[in-house]
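What the coordinates show
These are the residues of each chain, in order.
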Amino acid sequence: MDAGADQAPQTALTNGGGSVQQHRHPNGNAQNDLSQVLEALQAIYAPQSSNETRRQATEYLEQAKRHPDAPQQGYTLANNRSQPAQLRHYGLTMLEYSIKYNWEDFTVEQGTALRGYVIELARNIADNDPVYIRNKVAQLWTEVAKRSWGAEWLDMDEQLVSLWTNSLHHQAVVLYVLETLSEEVFNREDATAGLRGSDLGRACVEIFTPLAVLHKHLPTRDKSMDVRCGEEGWLQRLCDNLNWCLEQDYQNQEPIRTCAVKTMNALRAAMPWIIPKAIVATHVVETLCKVLAVPVVELQLVHLFRTLTLIATNHPRLPSTFSNQPTHATIFTRTILSNWCVLCLPLEASLSCAKCTTGQSQVWMSMTWTTRSTRCAKSSQRCVLCSPGIGS
């Protein structure tokens, strides 16, 4: 394991170089202790500030991010709860700049130190922290992961599992990381993730998939990448967490509803690339179908249907795996695949066909074409996407 990432480093980390005793002020004169950062931030947001004042303050803040001591100063600002929230957020942007633009210049030791800053910030987040600070910490974690996970950083999964068991706001950080990695590693649109796409893709498959599924269905996979923690995998943990949310008082507790939504977001992001056998083994479809019964529209309509649609479009033979469970098969095929109307299907499902024939629509159901009557609120009737009702 990488012991250097387990705690915040005590030595100073500089941008792209070793220790430096004297540094110039960003404007070129005195030693820079970043004491003017808060003043500059206040000048930017103060309504009485002139445009010239805002320009000078913005220039100062941008130059401060390039200072050799910026990573350590950014960590110190972000981790100091006595500082205003906007100053702590600026400290996170200093770390972000160092990660995005100076990572290639860091030595292995400096990269480990910077990773330690981010891990410590994630451990120290609290329920009273603004959401934008928590999200920024999770974003920094993802940026570091794209550059070092599976190479120098092998115990990330262990650290995610450790955060997962702490609190709901720590779970939110983990869910952000899992969702973002799933999307950016496999959609090939992020340049940084694309450079390490093979290693990151293997690592994602390794930590999401139950170990039993990997042993049975991918016995010849490369096992040299030791990145997982535990046997269940994140797909199972996400399903278990969604089941837990449904057992709580989600109607009256917004944090529980938010956790459920974020959990489904993470599941949705994994559906295009996850092994179909893992979906079956972890009972993803059954778990998501339970959400159909909850009286919370935001859970029923938005994230749930997009997730099940991804399952249907990316794994079209998956419903046949439930032949020995007719209840779940019926729910999956009839409620999800056959209850879209001709107006909703092209927008939400992107399935193989959405042709309209005089009040009829064709949908894919149980691997056969089925014709059914169109029912939609947009045309004075209703379908499952147009109303809170299920199959109405």
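Definitions and limits used
- Here, residues in each chain are numbered from 1, in the same order as that chain's written sequence.
- Only residues with pLDDT of at least 70 get local features here, since the model is predicted, and only at 80 or more are side-chain atom pairs given and counted; chain-wide, interface and lining totals rely on the full set of residues.
- Computation of side-chain values covers all heavy atoms of the structure but excludes hydrogens and water.
- Note on definitions: salt bridges are taken to be side-chain nitrogens of Lys or Arg within 4 Å of carboxyl oxygens of Asp or Glu.
- Working definition: helices are DSSP H or I runs of at least four residues, strands are E runs of at least two. Numbering for both runs from the N terminus.
- Exposure is judged per residue with a 1.4 Å probe applied to protein chains only, and the accessible area is read against the type maximum: over 50% gives exposed, under 20% gives buried, and values in between give partly exposed.
- Confidence of the prediction at every residue is given by pLDDT, a number between 0 and 100.
- We call two residues in contact whenever any of their non-hydrogen atoms come within 4.5 Å of each other.
- Between N-to-C directions, angles cover 0 to 180 degrees, with each direction set by a line fitted to C-alpha atoms, over the stretch in contact for helices.
- Left-handed describes a crossing whose near helix is turned anticlockwise from the far helix by less than a right angle; the clockwise case is right-handed.
- Under the scheme applied here, ten amino acids are nonpolar (Ala, Val, Leu, Ile, Met, Phe, Trp, Tyr, Cys and Pro), four are charged (Asp, Glu, Lys and Arg), and all others, including Gly, are polar.
- Only the six-membered ring of Trp is used, alongside the rings of Phe and Tyr, when aromatic pairs are assigned; centres must lie within 6.5 Å, and planes under 30 degrees apart are stacked while those over 60 apart are edge-to-face, with the rest tilted.
- For the purpose of counting charges, residues Lys and Arg are taken to be positive, whereas Asp and Glu are taken to be negative. His and the chain ends are not included.
- By the criterion applied in these results, polar contacts are pairs of N or O atoms within 3.5 Å in which, for protein atoms, one can donate a hydrogen and the other can accept it, and in which residues neighboring in sequence qualify only through two side-chain atoms.
- The set of buried Ala, Val, Leu, Ile, Met, Phe, Trp, Tyr and Cys residues whose side-chain atoms join them within 4.5 Å is what this entry labels a nonpolar core.
- In this analysis, the expected span of each helix is defined as 1.5 Å times one less than the number of residues it contains.
- Relevant arc is that of directions from the helix axis to the C-beta atoms, nothing else.

**What about the pattern of salt bridges?**
Here the structure, examined in full by the defined rule, presents 17 salt bridges. In this structure, aspartate 129 and arginine 88 form a salt bridge, with 3.1 Å as the shortest nitrogen-oxygen distance. Taken together, the residues aspartate 129 in the loop between helix H5 (108-124) and helix H6 (131-148) and arginine 88 in helix H4 (residues 85-102) connect sequence positions 41 residues apart. Since its relative accessible area comes to 4%, aspartate 129 is described here as buried. Residue class for arginine 88 comes out buried when judged on its relative accessible area of 8%. The partner of aspartate 190 in a salt bridge is lysine 146, and the shortest N-O contact between them spans 3.1 Å. Of the two residues, aspartate 190 sits in the loop between helix H8 (168-186) and helix H9 (191-195) while lysine 146 sits in helix H6, which places them 44 residues apart along the sequence.

**What to know about the confidence of the model for the protein**
The predicted model of the protein has a mean per-residue pLDDT of 76, with 67% of residues at 70 or higher. Counted against residues more than four places away or in other chains, residues 319-392, with its pLDDT under 50, gives 140 contacts.

**Looking at the packing of H4 against H5**
Viewed as axis vectors pointing N to C, H4 and H5 meet at an angle of 145°, and their least axial separation amounts to 11 Å. Two packed elements cross with a definite hand, and for H4 against H5 that hand is left-handed. Between H4 and H5, the contacting residues are Leu92, Leu95, Ser98 and Ile99 on the first element and Leu114, Tyr117, Val118 and Leu121 on the second. Looking at side-chain class alone, the contact of H4 with H5 contains 7 nonpolar, 1 polar and no charged residues.

**With respect to unusual backbone geometry**
Positive phi outside glycine occurs at arginine 188, with the angle close to 60°. Take arginine 188: it is sitting in the loop between H8 and H9. Unusually for a residue other than glycine, histidine 283 sits at a positive phi of about 60°. With respect to the helices, strands and loops of the structure, histidine 283 is situated in the loop between helix H14 (276-281) and helix H15 (284-291).

**Section: the packing of aromatic side chains**
Two aromatic rings are characterised by how far apart their centres lie and by the angle between their planes. Going through the model one piece at a time under the given rule, you end up with 7 aromatic pairs. With a centroid separation of 4.6 Å and an interplanar angle of 15°, the aromatic rings of tyrosine 75 and tyrosine 117 are classed as stacked. Pair noted here: tyrosine 75 is in helix H3 (residues 70-78) and tyrosine 117 is in helix H5, with a separation of 42 residues, a long-range link. The exposure classification of tyrosine 75 matches that of tyrosine 117, with both residues buried. Their ring planes at 10° and their centres at 4.3 Å tell us that phenylalanine 186 and tryptophan 273 sit as a pair that is stacked. Of the two residues, phenylalanine 186 is situated in helix H8 and tryptophan 273 in the loop between helix H13 (254-270) and H14; the sequence distance between them amounts to 87 residues. Here phenylalanine 186 falls in the partly exposed class, since its relative accessible area comes to 28%. With a relative accessible area of 14%, tryptophan 273 lands in the buried category.

**Some thoughts on the side chain of aspartate 155**
Relative to the helices and strands, aspartate 155 resides in the loop between H6 and helix H7 (156-164). Of the buried charged residues, aspartate 155 lacks a salt bridge, with arginine 115 as the closest side chain of opposite charge at 5.6 Å. Among the polar contacts listed, one links the side chain of aspartate 155 to the side chain of tryptophan 153, at a separation of 3.1 Å.

**Observations concerning the nonpolar core**
Ranked by size, the top nonpolar core spans 74 residues in total, and within it Trp141, Trp149, Phe208 and Trp234 carry the most contacts. Leave out the neighbours within four places in its chain, and tryptophan 234 touches Asp157, Leu160, Val161, Trp164, Val174, Leu178, Ile207 and Phe208. Ranked by size, the runner-up nonpolar core spans 13 residues in total, among them Leu41, Leu61, Ala70 and Met94.

**Here's the deal with helix H2 (residues 51-65)**
Each full turn of the α-helix corresponds to 3.6 residues, which orients residues three or four apart in the same direction. Across its 15 residues, H2 extends 21 Å between first and last C-alpha, which sits within 8% of the 21 Å expected from 1.5 Å per residue. All of the buried residues along H2 are Ala57, Tyr60, Leu61, Ala64 and Lys65. All buried residues of H2 fall inside an arc of 140° around its axis, so they share one side. Lining the buried residues of H2 we find helix H1 (37-45), H3 and H4.

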